[in-house]
Amino acid sequence: MKKGRVFSGARPTGRQHLGNYLGAIKNYVALQDAYDCIYCVVDLHALTTVETTRDLRNNTIEMVFDWLAAGIRSDESIIFVQSHVPQVTELHMILSMVTPMGKLTDLPTFKEKVRMQPDNVNYGLLGYPVLMAADIALYKANAVPVGVDQAPHLEFTREIVRSFNYRYQCKVLVEPQMVVTEVPKVIGTDGQQKMSKSLDNHIELAATPEETQARVMTMVTDPARVRRTDPGNPDVCNVFSFHKIFSSPDEVAMVDTECRRAGIGCVDCKKLMAKNLNASLTGFRARRRELEGHPDDVMDILGQGAHRARAIAEATMAEVRDAVGLP
Ligand code: SF4
């Protein structure tokens with residue numbers, strides 16, 4: 001017996017990297033055992049910030065390749081594209097009527113977007129959290145996986161749901177609970193900032209073993225370790241953080257000891273980490289190659305996902321329209 005329904009969405013960012021995997025996808029896979037899961041590629045949300053829509057389709061397929069190869073099971077979970085279920089835009093409009101304007105303009109995320117793209121402050125940016133609330137409420141998800149830093153976003157969704165139910169004196173929409181996930185903050189190859197494609201400090205899951213090793217060799221290590229003979233401090237080294245995820249306990253202990261007494265050089269240490277990382281991605285890469293050979297199958301999966309999602313969405317909207325009193 002599953003505990004309920006999970007909804008989560010991700011913008012179509014193309015090939016995923018280790019930060020995406022450790023921060024979200026791994027958790028998506030694990031949640032399937034306990035919940036009925038709905039995973040959505042939020043292409044409409046992406047429109048608020050992308051400069052060109054040319055790559056949207058390809059980025060969607062590439063991301064879904066990675067989701068499936070990582071272990072999201074399309075026969076159980078619903079995987080679909082947001083814009084393929086147009087009911088979400090209708091619910092977005094209705095929820096916008098119970099969302100105070102001042103709340104939206106005060107949100108730190110909106111202010112940040114305005115700062116980042118001052119020449120493109122569109123309505124979509126302002127309504128972003130309302131569309132997010134519509135996504136979750138449309139499928140009556142009772143659980144949403146969030147990192148601790150995203151908790152305020154979900155709280156805002158909960159407020160909108162409460163406002164709707166109060167305004168229309170009903171219990172149609174479900175207030176989602178947070179499934180707080182402990183996700184590691186994955187730092188990029190620069191050793192400083194969160195792993196991100198835009199910063200070009202990422203390691204793609206689908207890269208070849210050679211590309212992966214080349215990327216690992218560029219990783220910034222303990223900045224105080226200048227010469228091979230200098231002792232290092234693994235506690236401040238991002239390579240060591242990856243060892244803790246991908247290497248065996250014995251290897252982690254060895255690196256911890258040998259780094260501190262300059263018994264291992266950074267080149268060898270990185271080669272070992274790259275070898276272990278590549279080994280852990282072997283199965284993923286084989287599954288991805290298989291999927292890449294059958295892109296039509298992936299389109300079918302998205303089509304079936306949208307079909308299943310629309311059935312839930314239309315049932316919710318029938319209740320919503322009735323509660324609102326739309327003729
Ligand atoms: Fe980092 Fe390994 Fe170099 Fe130590 S030996 S500083 S853990 S890369």
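S.K.: Would you explain the packing of aromatic side chains in this entry?
M.R.: How two aromatic rings sit relative to each other is set out by the distance from centre to centre and by the angle between their planes. Applying the stated criterion across every chain, the model contains seven aromatic pairs. With a centroid separation of 5.7 Å and 75 degrees between ring planes, the pair formed by Tyr-28 and Trp-67 is classed as edge-to-face. Remark: Trp-67 occurs in helix α3 (residues 56-70) and Tyr-28 occurs in helix α1 (residues 18-31); sequence separation between them is 39 residues. Trp-67 gets classed as buried once you look at its relative accessible area, which sits at 1%. Geometrically, the ring pair formed by Phe-164 and Tyr-168 is tilted, given 5.0 Å between the ring centres and 50 degrees between the ring planes. For the pair Phe-164 and Tyr-168, a shared accessibility class is recorded, and that class is buried. An aromatic cluster is defined as three or more aromatic residues linked by ring pairs; in this entry it consists of Phe-7, Phe-80 and Tyr-139. The positively charged end of Lys-113 is found above the aromatic ring belonging to Tyr-128, 5.0 Å away from the centroid.

S.K.: Explain the domain arrangement of the protein chain to me, please; I cannot follow it from the model alone.
M.R.: By a widespread convention, an interface's size corresponds to the accessible area lost as its parts come together. For the protein chain, the assigned domains read domain 1 (5-186 + 295-324) and domain 2 (209-280). Of note, the centres of domain 1 and domain 2, computed from C-alpha atoms alone, are 37 Å apart.

S.K.: Mind showing me how you'd approach the side chain of His-45 here?
M.R.: Residue position: His-45 is located in helix α2 (residues 43-46). Polar side-chain contacts of His-45 include one of 3.5 Å to the backbone nitrogen of Met-132. Aside from chain neighbours lying at most four places away, what touches His-45 is Arg-11, Gln-82, Tyr-128, Leu-131, Met-132 and Asp-135.

S.K.: Where do I start with the side chain of Thr-99 in this structure?
M.R.: Residue position: Thr-99 is located in the loop between α4 (87-96) and α5 (101-106). On the basis of relative accessibility, which here comes to 10%, the residue Thr-99 falls in the buried class. Reaching out from Thr-99, the side chain makes a polar contact with the backbone oxygen of Leu-95 at a distance of 2.7 Å.

S.K.: Sorry if this is basic, but what is going on with the pairing of strand β4 (residues 143-146) here?
M.R.: Every other side chain in a regular strand lies on the same face of the sheet, so the side chains alternate between the two faces. Side chains Ala-143 and Pro-145 of β4 all project onto a buried face; the interleaved residues Val-144 and Val-146 project onto the opposite face, where all are buried too. In this sheet, strand β5 (residues 177-180) lies alongside β4 in parallel orientation, the contact comprising four bridges. Its bridge partner lying in β5, Val-144 is registered against Met-178. Handedness of the crossover joining β4 and β5 through helix α8 (residues 151-167) is recorded here as right-handed.

S.K.: Hey, could you run me through the pattern of salt bridges in this one?
M.R.: As a working rule, side chains carrying opposite charge can pair if their charged atoms are close by. The final tally for this structure, using the stated rule, is 23 salt bridges. Of the charged contacts, one joins Glu-258 and Arg-261 as a salt bridge, the two residues approaching to 2.5 Å between their closest N and O atoms. The exposure class assigned to Glu-258 is buried, which follows from its relative accessible area of 18%. Exposure remark for Arg-261: the relative accessible area of 57% places this residue in the exposed category. In this structure, Arg-321 engages Glu-314 in a salt bridge whose closest nitrogen and oxygen atoms are separated by 2.9 Å. Members of the salt-bridge network, linked through shared partners, are Arg-15, Glu-62, Asp-66, Glu-204, Arg-288 and Glu-292.

S.K.: Would you mind going over the packing of α3 against helix α12 (residues 266-292) with me for this structure?
M.R.: How two helices pack is summed up by the angle between their axes together with the distance between the axes. Remark: α3 packs on α12, axes separated minimally by 8 Å, with the N-to-C direction vectors making an angle of 130 degrees. Classed by the angle they form, the pair α3 and α12 counts as oblique. The chirality of how α3 crosses α12 is right-handed. Of α12, the residues touching α3 (which contributes Glu-62, Phe-65, Asp-66, Leu-68, Ala-69 and Ala-70) are Phe-284, Arg-287, Arg-288, Leu-291 and Glu-292. Taken together, the residues that form the contact of α3 with α12 break down as six nonpolar, no polar and five charged.

S.K.: Explanation requested: the nonpolar core in the structure shown.
M.R.: Buried together is how nonpolar side chains tend to be arranged in soluble globular proteins. Of all hydrophobic cores here, the largest spans 50 residues; its most connected members are Leu-18, Tyr-39, Trp-67, Phe-242 and Leu-277. For this core, the secondary structure elements donating two or more residues are α1, β2 (36-41), α3, β3 (78-81), α10 (238-246), α11 (249-260), α12 and α13 (295-324). Both of domain 1 (5-186 + 295-324) and domain 2 (209-280) provide at least three residues apiece to this core. Ignoring anything within four residues of it in the chain, the contact list for Tyr-39 reads Val-6, Ser-8, Tyr-28, Leu-31, Gln-32, Trp-67, Ile-72, Ser-77, Ile-78, Ile-79 and Phe-80. Within the second largest apolar cluster, 43 residues are counted, among which are Val-42, Ile-136, Leu-138 and Val-320.

Parameters and conventions
Residues numbered from 1 in each chain as written. Predicted model: local features only at pLDDT ≥ 70, side-chain atom pairs only at ≥ 80, totals over all residues. Heavy atoms only, no water. Phe/Tyr/Trp six-rings, centres within 6.5 Å; stacked < 30°, edge-to-face > 60°. Helix = DSSP H or I, 4+ residues; strand = E, 2+ residues; numbered from the N terminus. Buried < 20%, exposed > 50% of the residue type's maximum accessible area, 1.4 Å probe, protein only. Lys NZ or Arg CZ within 6 Å of the ring centre and 35° of its normal. Domains from an automatic or database assignment. Polar contact = N/O pair within 3.5 Å; in protein donor to acceptor, adjacent residues only side chain to side chain. Contact = heavy atoms within 4.5 Å. Pairing = 2+ DSSP bridges. Right-handed = clockwise from strand over helix to strand, strands pointing away. Salt bridge = Lys/Arg side-chain N within 4 Å of Asp/Glu carboxyl O. Axes fitted to C-alpha atoms, helices over the stretch in contact; angles between N-to-C directions. Parallel < 35°, antiparallel > 145°, perpendicular 65-115°, else oblique. Left-handed = near helix turned anticlockwise from the far one by under 90°. Nonpolar A, V, L, I, M, F, W, Y, C, P; charged D, E, K, R; others polar. Core = buried A, V, L, I, M, F, W, Y, C linked by side-chain atoms within 4.5 Å.

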